[in-house]
Amino acid sequence: MANTQTDHTPALPQAPQTSMLRFLTCGSVDDGKSTLIGRLLYDSKQIFEDQLQKLQADSKRQGNAADDTDFALLVDGLEAEREQGITIDVAYRFFSTPKRRFVVADCPGHEQYTRNMATGASTADLAILLIDARRGVLQQTRRHAHIVSLLGIRQVVLAVNKMDLVGHDKAVFDKICADFHGFADELNFSSTVAIPMSARFGDNVVENSKAMAWYDGPPLLDHLETVATRDELEENQGPLRFPVQYVNRPNLDFRGFCGTVAQGVVTVGDAVTVARSGRSTKVTRIINGFEDVQSARNGDSVTLVLADEVELARGNMLVPPQARPHVADQFAAHIVWFDDKPMIPGRSYLLRSQCFQSSATVTTLKHRLDVNTRAQASANSLEQNEIGFVNISLSEEMPFDAYDDCAGTGSFIIVDRTSNATIAAGMMRFPLRRASNIHRQDMAVNKQTRSEIKKQKSAVLWFTGLSGSGKSTIANLLEQRLTARGHHTYSLDGDNVRHGLNRDLGFTEEDRVENVRRVAEVSKLMVDAGLITLVSLISPFKTDRDMARALMEADEFIEIFVDTPFEECAARDTKGLYAKAIKGEIKNFTGFDSPYEAPENPELHLRTMNADAATLTDTVENWLQEKGYL
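Residues numbered from 1 in each chain as written. Predicted model: local features only at pLDDT ≥ 70, side-chain atom pairs only at ≥ 80, totals over all residues. Heavy atoms only, no water.

Caption draft 1: Spotlight on the overall build of the protein chain. A count of helical and extended segments in the protein chain gives 16 helices and 28 strands. Within the protein chain, contacts between residues at least 6 apart in sequence are counted, and of these 72% link residues at least 24 apart. Element-wise, carbon and sulfur atoms account for 47% of the exposed surface of the protein chain, whose accessible area totals about 29,200 Å². (Helix = DSSP H or I, 4+ residues; strand = E, 2+ residues; numbered from the N terminus. Contact = heavy atoms within 4.5 Å. Areas by Shrake-Rupley, 256 points an atom, 1.4 Å probe, with all protein chains shown as cover.)

Caption draft 2: Representation of the pattern of salt bridges. The full count for this structure, using the stated rule, is 30 salt bridges. The closest approach of N and O atoms between R255 and E309, which form a salt bridge, is 3.0 Å. Here R255 is found in strand β9 (residues 254-260), whereas its partner E309 is found in the loop between β15 (301-306) and β16 (317-319), with 54 residues between them in sequence. The exposure class of E309 is exposed, given its relative accessible area of 54%. Residues D555 and K457 are paired through a salt bridge, measuring 2.4 Å at the closest nitrogen-oxygen approach. With D555 in the loop between α13 (542-551) and β27 (557-563) and K457 in the loop between α9 (447-454) and β24 (459-464), the pair connects residues that are 98 residues apart, well separated along the chain. (Salt bridge = Lys/Arg side-chain N within 4 Å of Asp/Glu carboxyl O. Buried < 20%, exposed > 50% of the residue type's maximum accessible area, 1.4 Å probe, protein only.)

Caption draft 3: Seen up close, helix α6 (residues 170-184). Here α6 is 15 residues long and its end C-alpha atoms lie 21 Å apart, about the 21 Å a rise of 1.5 Å per residue gives. Buried residues of α6: F173, I176, C177, F180, F183 and A184, and no others. Projected down its long axis, α6 shows its buried positions confined to an angular sector of 140 degrees, all on one face. Turned more than 90 degrees off the buried face of α6, the exposed positions are K175 and G182. Those residues of α6 that are buried are in contact with β4 (126-132), α5 (139-150), β5 (155-161) and β6 (191-196). The backbone nitrogen of A171 has a side-chain oxygen 2.9 Å away, supplied by the residue at the start of α6, namely D169. (Expected span 1.5 Å × (residues − 1). Arc of directions from axis to C-beta. Polar contact = N/O pair within 3.5 Å; in protein donor to acceptor, adjacent residues only side chain to side chain.)

Caption draft 4: View of the sheet that holds β24. Strands sit in the order β25-β26-β24-β27-β28 across an open sheet of five strands; the sheet is parallel. In this open sheet, the two edge strands, each paired with only one partner strand, are β25 (489-493) and β28 (604-607). Going from strand to strand, the sheet's axes swing by 15 degrees on average, the running direction of each strand aside. Sheet analysis places β24 next to β27, joined by five bridges and oriented parallel. Pairing of V460 across the sheet is with F557, part of β27. Contacts from helix α10 (residues 471-484) reach β24, β25, β26 (532-536), β27 and β28, with the element oriented near 165 degrees to β26. Its contacts with the sheet put helix α16 (residues 613-626) on β24, β27 and β28, and the angle it makes with β28 is roughly 165 degrees. (Pairing = 2+ DSSP bridges. Axes fitted to C-alpha atoms, helices over the stretch in contact; angles between N-to-C directions.)

Caption draft 5: Local environment of the packing of α10 against α16. Put simply, α10 and α16 touch, their axes get as near as 9 Å, and they point 55 degrees apart. Between α10 and α16, the crossing angle belongs to the class labelled oblique. Crossing handedness for the pair α10 and α16: right-handed. Across the interface between the two elements, T473, I474, L477, L478 and R481 from α10 touch A613, A614, L616, T617, D618, V620, E621 and L624 from α16. Of the residues in the contact of α10 with α16, the class split is eight nonpolar, two polar and three charged. (Parallel < 35°, antiparallel > 145°, perpendicular 65-115°, else oblique. Left-handed = near helix turned anticlockwise from the far one by under 90°. Nonpolar A, V, L, I, M, F, W, Y, C, P; charged D, E, K, R; others polar.)

Caption draft 6: View of the packing of helix α12 (residues 509-528) against α13. Contact geometry of α12 with α13 gives a least axis separation of 9 Å together with a crossing angle of 20 degrees. One finds that α12 runs roughly parallel with respect to α13. The element α12 and its partner α13 pack so that their crossing is right-handed. Note on element contacts: α13 touches α12 through D544, M547, A548 and L551, opposite V513, V516, R517, A520, E521 and K524. Class assignment of the residues belonging to the contact of α12 with α13 gives a composition of six nonpolar, no polar and four charged.

Caption draft 7: Looking closely at unusual backbone geometry. Backbone geometry places K162, a non-glycine residue, at a positive phi of 65 degrees. Within the element layout of this structure, K162 appears in the loop between β5 and α6. Here the phi dihedral of S539 falls at roughly 35 degrees; this positive angle occurs in a residue that is not glycine.

This is the structure in structure tokens:
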């Protein structure tokens, strides 16, 4: 369809601009975020005639602006959003004026979609926080302001929208500004510009409003055209950070390290150091695309060629010798929790940064942040959309910076091992150093030597299943047989360890996680001692069993699922626990009012309904013999 040039048809493409501003809009549901973006596009002549005609038709059919054009429909593209009148996904729009190019992210306002809002904030230079003039500062406003601050956005526009619905009253505007500054002054924003507006009618969006003559500041678009971008503020500031994303070695004569400069400038001839090893070398070439260039700066994707053969791979970074980042396997961080399942200390997750991945455990939840009062409240877990300050332990050392020093090398996400879903975003604050006099001691006698002396292959046989399924019975019988054959074993039974090692733990989900973690760590020591260790533990959660597996080498963890139906376990009820659980005398009882997540791919699956303990023990013993453990 041809586009007829009108007053609201985009002008011909401008000459290339030198500056692009990325900003996001966020606020509570129905504060007018999508309407504001639509009005910006309309008033800055970014809408073609056919788009305008369709918008007007859609406004009559499903709009929420009475007889006026509903500009929110320009952005709310998902049918579900239009039906509910809310933004669900992060909607990105591109537009330009003679002065600047823009990328705008319209972020969801509903609390359920806070993760989407964090996604939009992660690359933005500026945030527009919308407030409905009738409702003032809400809890969701405070949450969004905290997330924006945590993600390093330092420039904020406080857009007090729908001023037409409060009679353009200056007193209302002043009170909202005072309420906002009452908590936001501690969020380290370098610039907070408050603008009273009506996105529906365009007041103070592109041009100053006559209805609010008392406002003497710039309209929104003027401010967006002149405010500095994050790159402009940080240009050439901070030492070089070059995370390696890929090693390019097409032949024996070329070895290049590919990545994007996260901070600073690198020039041919510069001395650089490998962050993790401390090995120094020089940059001999910088390749941008297919061309050699003399230098690269923040945001440039390039390939670096080095003077020396150094050990350098994805997960490492090149830095100046005199300004190296932290390198540690433990650090403190702020996290925003997205998942509907709570964050529990001790549980194993995956941590991913710009170029690094590692198994990670939240070892301590220091406090939960109250978004209304900024108070630091003690907590055992984080619920969905809550913000916490935590200690995190990794399975290996990683190089990183404090987020405030370099967002590119100081941010990360947490990923669920099972679903691969992103369940949290984090901002690193500082490393947790071990005492300087504590080092890992290299022992002359190792695990292999201990196993060879015992003429066996050390391993952990991890029996999991419901209470009363037969785990301890089979493990006990198996240990008797192995001992009779001259093998060296040790049993860690779930009930027995709760009399000593884990006597301080109860049966809440948090305590169950810690129970498994402690047993797993002891099991690891037993494997190092060359023993065949038999663990009989309900261990109901897959993530916790995966955590235990991750502590061992590939063939050292043998998951054995003792599969007995709940009804059969309840019928046996050798300890009387099921009867008490049904009466409500025992809470958080696995299989009854607390879930059991059955193993999906165990090394051994023992179905007990049609087999006795001796036969099942034969199965395990024969398997160990065939696999070379005995």
